[in-house]
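Tertiary structure, described
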Amino acid sequence: MNGLTLNLLLAVVWMLLAGEVSARELLIGFLLGFGVLTLFPRALGTGGYVRRSLATLGFVGFFLRELTVANVQVALFALRPHPPLNPMLVAVPLRLRGDSAQTLLVVLVNLSPGTVALGFSPDRRTLYAHAIGTPDAQAARASIIRIEDHLLRCMAPHPPRPEVSP
Amino acid sequence: MSDFSPLRDIPILIGAFFVLTAAIGLVRFPDLYTRLHASSKLVTLGSAGIFLGAALELTDAAAFTRLAAVLLFHFLTTPLTAYLIAQAAYLRGLPPLLGGGGRRGIDEWGALGQAEQVAQADRDAQRAMTAEGE
Amino acid sequence: MIINLALGIVTLSVLLVTVRVLRGPSWGDRIMAFDFLSVNLVVLFALIAVKTRLIVVLDAALVLSLLGFLSTVALTRYLLLGRVMK
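Reading the values: rules and limits
Residues numbered from 1 in each chain as written. Chains lettered and ligands numbered in written order. Predicted model: local features only at pLDDT ≥ 70, side-chain atom pairs only at ≥ 80, totals over all residues. Heavy atoms only, no water. Contact = heavy atoms within 4.5 Å. Buried area = accessible area lost by both parts, 1.4 Å probe. Salt bridge = Lys/Arg side-chain N within 4 Å of Asp/Glu carboxyl O. Polar contact = N/O pair within 3.5 Å; in protein donor to acceptor, adjacent residues only side chain to side chain. Helix = DSSP H or I, 4+ residues; strand = E, 2+ residues; numbered from the N terminus. Core = buried A, V, L, I, M, F, W, Y, C linked by side-chain atoms within 4.5 Å. Buried < 20%, exposed > 50% of the residue type's maximum accessible area, 1.4 Å probe, protein only. Phe/Tyr/Trp six-rings, centres within 6.5 Å; stacked < 30°, edge-to-face > 60°. Patch = residues over 30% accessible without salt bridge, like charges linked within 9 Å, V, L, I, M, F, W, Y side chains within 5 Å. Areas by Shrake-Rupley, 256 points an atom, 1.4 Å probe, with all protein chains shown as cover. UniProt positions renumbered as here; feature names shortened; annotations may be inferred. pLDDT = per-residue confidence, 0-100.

Considering the interface of chain C and chain B
The interface of chain C with chain B comprises 44 residues on the first partner and 46 residues on the second. The largest contributions to the chain C side of the interface with chain B come from C:Ile2, C:Met32 and C:Leu80, which together make up 17% of the buried area. At the junction of chain C and chain B, the tally comes to 3 salt bridges. The shortest N-O distance in the salt bridge between B:Arg66 and C:Asp59 comes to 2.2 Å. Here chain C and chain B share 8 residue pairs in polar contact (both at pLDDT 80 or more) between them. Listing elements by their share of the side of chain C that touches chain B, those giving two or more residues are helix H1 (2-23), helix H2 (27-52) and helix H3 (56-81) of chain C. Counting residues per element, the side of chain C that touches chain B draws most heavily on H2(C), which supplies 14 residues.

Below you can see the structure in the form of structure tokens.
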């Protein structure tokens, strides 16, 4: 059974057992159900779901930190007299497939420090990005590959090994 | 400052500060591509801060859901418009200022101003992919 | 009051970006500046809703943010392909 469905089902069962229909009981049931799914991944077959949910939580924290860093960096560039922009266009080989996943990647790349996505190659396997504030092309590529690693860990059932070391 | 409430005012002040720095960046940065950095990152966090402060101030379910919808929508669309504008400008031949390495700078795409060619290659690749699928 | 201060700051940034709309120099700059203006109007609406306690203003903000995104997408498609629809 799908992990999320099972988790929601457990939450509803908890709410009914608690004898009170409210968002608070539903939330408590959801968290308790998640704990149950974490404790018995083998029996319920939800190891992938638990791993992906934890990866998503970690990704949200990582993304909020990146967003803050990006904003402070660009704000300093805007206020400084002579900002060291050093703009360049880099090509990044992609492992992420699918239109919606790549659109999400574009959004995240545009919100992370120093990079703005420019376009894809016709076979959708290379992302071109405009980078500022990075010392060389390798550093700009590494920051995009880091985001892609996080996204792959949230989506794929099993985390694939990175081909390019950041 | 008699009615200073930190939960409401700190997000609004941070948001307003980032919106103002975005405007300063838009005026001061040297070319379109660097300006898009200011417009995508700073505007997203700035508007998000103001919407968050407004949602915490208007303690009302109707206001909260609307502001949450606007906030989520802005998080998705503001970076996407930056991407679309950058792509259109590049493929229509607006040269970016490039620094770093070599006399002409680092440009690893090399499709400046080739909108027709890139669109054609895109269509060919799509057709090949659908043919492969069948 | 903080809301008035924030309204002043956002209005100042609207005035600054109007300079970018007028100066250009390329079409991309003007589209970007107009997109920024529409986002700033949404932010102004949110602040006005807080100031006047009128929740109806937030509906206008929601519609304006949708319209701003759609018009920017249409403009960039026109710039890139020379047409908006197929």
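Alright, that's what it looks like, and here's the rest.
Considering the nonpolar core
For soluble globular proteins, the rule of thumb is that nonpolar side chains tend to be buried together. Ranked by internal contacts, the top residues of the largest apolar core, which has 43 residues, are A:Leu118, B:Tyr90, B:Leu91 and C:Phe36. With 7 residues, helix H3 (residues 61-91) of chain B is the single largest residue contributor to this core. For B:Leu91, the residues in contact, after removing those within four places along its chain, are B:Trp109, B:Ala111, B:Gly113, B:Gln114, B:Ala115, B:Val118 and C:Leu80. If you look at the next biggest cluster of nonpolar residues, it comprises 35 residues, including A:Met88, A:Val90, A:Ala117 and A:Leu151.

So, the packing of aromatic side chains
Per the counting criterion, the structure on display carries 7 aromatic pairs over all chains. Between A:Phe63 and B:Phe75, the aromatic rings sit 6.5 Å apart at their centres with planes inclined by 65°, giving edge-to-face as the arrangement. Separated into two different chains, A:Phe63 in helix H4 (residues 47-79) and B:Phe75 in helix H3 make up a pair that spans both. The pair formed by A:Phe63 and B:Phe75 is uniform in burial state, with each residue classed as buried.

Quick notes on a nonpolar patch on the surface
Residue and element names in this part refer to chain A. Side chains of Leu10, Val36, Leu39, Phe40 and Leu44 sit close together on the surface and give an oily, nonpolar patch of about 430 Å² of accessible area. Here leucine 10 is to be found in helix H1 (residues 3-18). Residue leucine 10 is classed as partly exposed on the basis of its relative accessible area of 30%.

Some details on the UniProt feature "transmembrane region" (unreviewed entry) in chain A
Mapped onto this structure's residue numbering, the UniProt feature "transmembrane region" (unreviewed entry) falls at residues 28-45 of chain A. End C-alpha to end C-alpha, residues 28-45 of chain A measures 22 Å, and it is 89% helix and 0% strand.

Comments concerning the confidence of the model for chain B
Per-residue confidence for chain B averages 83 on the pLDDT scale, and 90% of its residues sit at or above 70. On the interface metric, ipTM, the complex scores 0.86, and its pTM is 0.84.

As for the side chain of C:Ser38
Counting through the fold element by element, C:Ser38 comes out in helix H2. Leaving out residues up to four positions away in the same chain, C:Ser38 has contacts with C:Leu64 and C:Gly68.

Here we look at the confidence of the model for chain A
Scored by pLDDT, chain A has a mean of 83; 93% of the residues are at 70 or more. Within chain A, the element-level pLDDT minimum falls on helix H3 (residues 41-44) of chain A, averaging 75, and the maximum on helix H5 (residues 99-111) of chain A, averaging 89.

Quick word on unusual backbone geometry
Negative phi is the rule for most residues except glycine; trans is the rule for most peptide bonds. The phi angle at A:Arg124 is positive, at roughly 60°, despite the residue not being glycine. For A:Arg124, the location among the structural elements is in the loop between strand E2 (115-120) and strand E3 (126-131).

What about the pattern of salt bridges?
This structure, assessed with the given rule, holds 8 salt bridges over all chains. Notably, a salt bridge pairs A:Glu66 with A:Arg146, separated by 3.3 Å at the nearest N-O pair. With A:Glu66 in helix H4 and A:Arg146 in helix H6 (residues 137-155), this residue pair connects regions lying 80 residues apart in the sequence. A:Glu66 gets classed as buried once you look at its relative accessible area, which sits at 11%. Residue A:Arg124 is joined to B:Asp122 by a salt bridge in which the shortest nitrogen-to-oxygen separation is 3.3 Å. One end of the pair, A:Arg124, is in the loop between E2 and E3; the other, B:Asp122, is in helix H4 (residues 115-133), on a second chain. Residue A:Arg124 is classed as partly exposed on the basis of its relative accessible area, which comes to 22%. With a relative accessible area of 23%, B:Asp122 lands in the partly exposed category. Because the salt bridges share partners, they merge into one network encompassing A:Arg95, A:Glu148 and A:Asp149.

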